[in-house]
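Understanding the architecture of this molecule
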Amino acid sequence: MFNKFKTTTLAVVTAAATLLGSGQAWAFEVPSAYDEITGNIGTCEVYITHYEYSAGINDGNTYILVGGFSFENNVSPIYELGSLRTYTPALNQAYVENNCGVTGITNFSIDAANTTYALDDYVGLVVEGIDPDNGLPTRWEAAIVGVTNTQLVFTKTIADATPPTVTLSSTTTTLNGTDPFTVTATFDEAVTGFDPENDINDIIIVGGTLAGFVKVSDDIYKLFIDPTGAGDLKITIPAGSNELPVAQDLAGNHNDMGTLTIPNQIVEITQEAIAGFMLGRANNLASNQPGLTRFLLGDGCGSFNANATEGSGSIDGCVSRGNSWAEVTSSWSGDDSYILSTIGTHTFLNPNLIVGGMFQIDSAKDDANKASGIGYMVGPYFVAQVPDQPLFFEGRLLYGHTDNDISPLGTYTDSFETERWLAQLRATGEYQVQNTTLMPLLDFTYTDDTQKAYTDSLGNTIPGQTVSLMQASVGMDFSTPITVSSGSLDLTGGLSGIYSATDGGAAAPEFENWRGRTHLGLNYAMNEGVNLSATTFYDGIGTD
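By convention here, each chain's residues receive numbers from 1 onward along its written sequence. Selection of residues for local features in this predicted model requires a pLDDT of at least 70, selection of side-chain atom pairs for listing and counting requires 80 or more, and totals for whole chains, interfaces and linings are taken over all residues. Excluding hydrogens and water, the side-chain values take into account all heavy atoms of the structure.

Moving on: the overall build of the protein chain. A run of H or I in DSSP becomes a helix once it reaches four residues, and a run of E becomes a strand once it reaches two; helices and strands are each numbered from the N terminus. Helices and strands together make up the secondary structure of the protein chain, namely three helices and 35 strands. A total of 544 residues make up the protein chain; the buried ones form 42% of that total. Partly exposed residues are those whose accessible area sits between 20% and 50% of the maximum for their type, while under 20% is buried and over 50% is exposed, using a 1.4 Å probe and protein chains only.

What follows concerns the environment of Q271. Note on placement: Q271 falls in helix α2 (residues 266–287). Considered as a pair, Q271 and G464 are 193 residues apart in the sequence and their alpha carbons are 8.5 Å apart.

Time to look at the sheet that holds strand β19 (residues 258–262). What makes two strands pair is DSSP finding at least two bridges between them. Read across the sheet, three strands follow the order β14-β17-β19 without closing on themselves; strand pairing throughout is antiparallel. Looking at the sheet topology across the chains shown, the edges are occupied by β14 (204–206) and β19. The average undirected angle you get between the axes of adjacent strands in this sheet is 10 degrees. To get an axis, fit a line to the C-alpha atoms, keeping to the stretch in contact for a helix; angles then go from 0 to 180 degrees between the N-to-C directions.

Bringing a nonpolar patch on the surface into the picture now. The patch calculation keeps residues exceeding 30% relative accessible area without a salt bridge and links them within 9 Å when they carry like charges or within 5 Å when they are nonpolar (Val, Leu, Ile, Met, Phe, Trp, Tyr). We get accessible surface area from the Shrake-Rupley algorithm with a probe of 1.4 Å; when it comes to residues, only the shown protein chains can shield them. Put simply, a salt bridge is a Lys or Arg side-chain nitrogen that is within 4 Å of an Asp or Glu carboxyl oxygen. On the surface, I343, F359, I361, I374, Y376 and V378 cluster together to form a nonpolar patch covering roughly 500 Å² of accessible area. Of all the secondary structure elements, the ones that give two or more residues to the nonpolar patch are β24 (353–366) and β25 (371–385). Top contributing element to the nonpolar patch by residue count: β25, with three residues. Among the secondary structure elements, I374 is positioned in strand β25.

The next subject is the sheet that holds strand β11 (residues 166–169). Strand order in the open sheet formed by four strands is β11-β12-β16-β15, with antiparallel pairing between adjacent strands. Strand pairing shows two members of the sheet lacking a second neighbour, β11 and β15 (208–217), which therefore form its edges. Geometrically, the sheet is characterised by an average inter-axis angle of 25 degrees between neighbouring strands, direction not taken into account. Direction of pairing for β15 relative to strand β16 (residues 220–227): antiparallel, over a ladder of eight bridges. Paired with K215 across the two strands is Y221, which belongs to β16.

With that out of the way, let us pick up the nonpolar core. By size, the foremost hydrophobic cluster in this structure holds 29 residues, and its most contacted members are I274, L292 and I406. Residue assignment for this core shows that the elements contributing at least two residues are α2, α3 (293–296), β23 (336–350), β24, β25, β26 (391–406) and β27 (414–429). Of all the elements, α2 adds the most residues to this core, at eight residues. The contact definition used throughout considers only heavy atoms, calling two residues in contact when any of these lie within 4.5 Å. In this view, L292 contacts W325, M358, Y381, V383, E394, G395 and R396; residues no more than four positions away in its chain are not counted. Residues belong to a common nonpolar core when they are buried Ala, Val, Leu, Ile, Met, Phe, Trp, Tyr or Cys residues joined through side-chain atoms within 4.5 Å.

So, about the environment of D414. Within the secondary structure, D414 sits in strand β27. Here the alpha-carbon distance between D414 and Y454, two residues 40 residues apart in the chain, equals 9.1 Å. Excluding residues that lie within four positions of it along the chain, D414 makes contacts with N404, D405, I406, Y454, D456 and S457. Residues adjacent in sequence count toward polar contacts only when both atoms are side-chain atoms; beyond that, a polar contact is any pair of N or O atoms within 3.5 Å, and within protein one must be able to donate a hydrogen and the other to accept it. Here the side chain of D414 touches S457 through a polar contact of 2.5 Å, side chain to side chain.

So, about the pairing of β19. Along β19, the buried face is formed by G258, L260 and I262; none of T259 and T261, which line the opposite face, is buried. Two strands pair when backbone bridges link them, and strand β17 (residues 233–237) and β19 are joined in this way by five bridges, in the antiparallel orientation. Note that in β19 the partner of K234 across the bridge is T261.

Cysteine sulfur atoms are paired as a disulfide whenever they fall within 2.5 Å. Tallied over the entire structure, the rule returns two disulfides. Each sulfur of the disulfide joining C44 and C100 lies 2.1 Å from the other. Measuring handedness by torsion sign, the sulfur bridge of C44 and C100 sits at about -95 degrees and is left-handed. Taken together, the residues span a long stretch of sequence, with C44 in strand β3 (residues 44–52) and C100 in helix α1 (residues 93–100) at a distance of 56 residues. For the pair formed by C44 and C100, the shared burial category is buried. Here C301 connects covalently by a disulfide to C318, the sulfurs 1.7 Å from one another.

For the rest of this paragraph, the subject is the packing of aromatic side chains. Classification of ring pairs rests on two measures: the distance between centres of Phe, Tyr or Trp rings, Trp counted by its six-membered ring, which must be within 6.5 Å, and the angle between planes, read as stacked under 30 degrees, edge-to-face over 60 and tilted in between. Applying the stated criterion to the full structure yields eleven aromatic pairs. Judged by centre distance (5.0 Å) and plane angle (25 degrees), the ring pair of F295 and W325 falls under stacked. Note that F295 is positioned in helix α3 and W325 in strand β22 (residues 324–333), a separation of 30 residues in sequence. Residue class for W325 comes out buried when judged on its relative accessible area of 4%.

Written out as structure tokens, the structure reads:
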């Protein structure tokens, strides 16, 4: 059905004469001159005429003819010669379909002349169907209207069957938190029925809630969204219908559906923060592994070192007794810190080989990634010497777990676990050149850390991931004595080249580089058996 029409082509002629009937007031005002307008219904021409048949006599004629001056195509009955007259056969729907090319007629109505002459203010024809010229639903009307000030009317109106569309937009294009934001609903034309007070439940929100919406204009509305942070956020204004109306245009057409999906980046943010934290911890774990060759040499350990500047510093120390030993290294800078504590024990299988086991506990805090964790590692180690040569080999294989906390958005804290491995092989030598001892070094270290998947506080699944670090270094350390009046003083130092390859999971996939590292220090042994040492280093030579 063609219920509503928007675009109208209208032709109107107004009769200006005054009705002067002699006793009988006839329908319509008789014009002072011949009135006629024409139009087309499909391929048929339409003639609408109204005129005084005999001058000075109130005998106005009214005709609405379709397809030519044939009374068989007239709207009938008509007024003619001042009386009511019927022509047969009268104009009908079949004639219009067969001769005018109009198809799909949904309405064919005739309001013809009647005997209530003084009250009859309308004689006309209405046709609703498909226009052969453009294939669009169209309504035609040809009529004579008005008891007085009579008008001849022909209209051709194209039906509005196009539903209003709605576009949802927002300046928030990705979801990286749970802060409220605004979505704009813009219809392509003015609509009615979209009521902020009654239609709030019509809007469908997945991954959030609708706090409310307001009307800005007849075609623009503002929606206020509170995201939950769980998954992508999808906002839907459903298509309207007669059963479930949402919004209608001025022609009564129900709106089409409009949707907006805002992708959730909280999972990616969390993954990147976890990967960055694990990669930093893996680097600290590999770099702070205790040296083992000294135990084969029978040197043991018994030292304590500390240094601090404003906001940063480090402490390390080592103690041994017999074949058991313990070592701790720690450093901090601002709110970042790392502590590695190790205890171990071993046995001599022969003068050139020891085997043992170690247990490590480490603690890390990473302010940039809002994460912290504590974990352990345990595993065997060995130290061997090539017989009669100052060439030493050491190795270890460690396995462990960690328990960690992270607050990726700063509004909630989640816990996650990781599983990790570390393997290290090192070769060192010791050669005397006059009073200076040269100690070449070749080291290979590999460690990986695998995070287990978990569900965060917002309901998102944080997938598991693995970060790995491989370092290979080659270098030369030295130690040379300095004469002092009491005790002994050694100047120590070294230079090494380090190749690093990392797979940082979501944070830094497949990165590799070369860099240089140098260090310089003093070891002072007092006569009372107390050792003091001071060391400085620079790591990153050759990098930007």
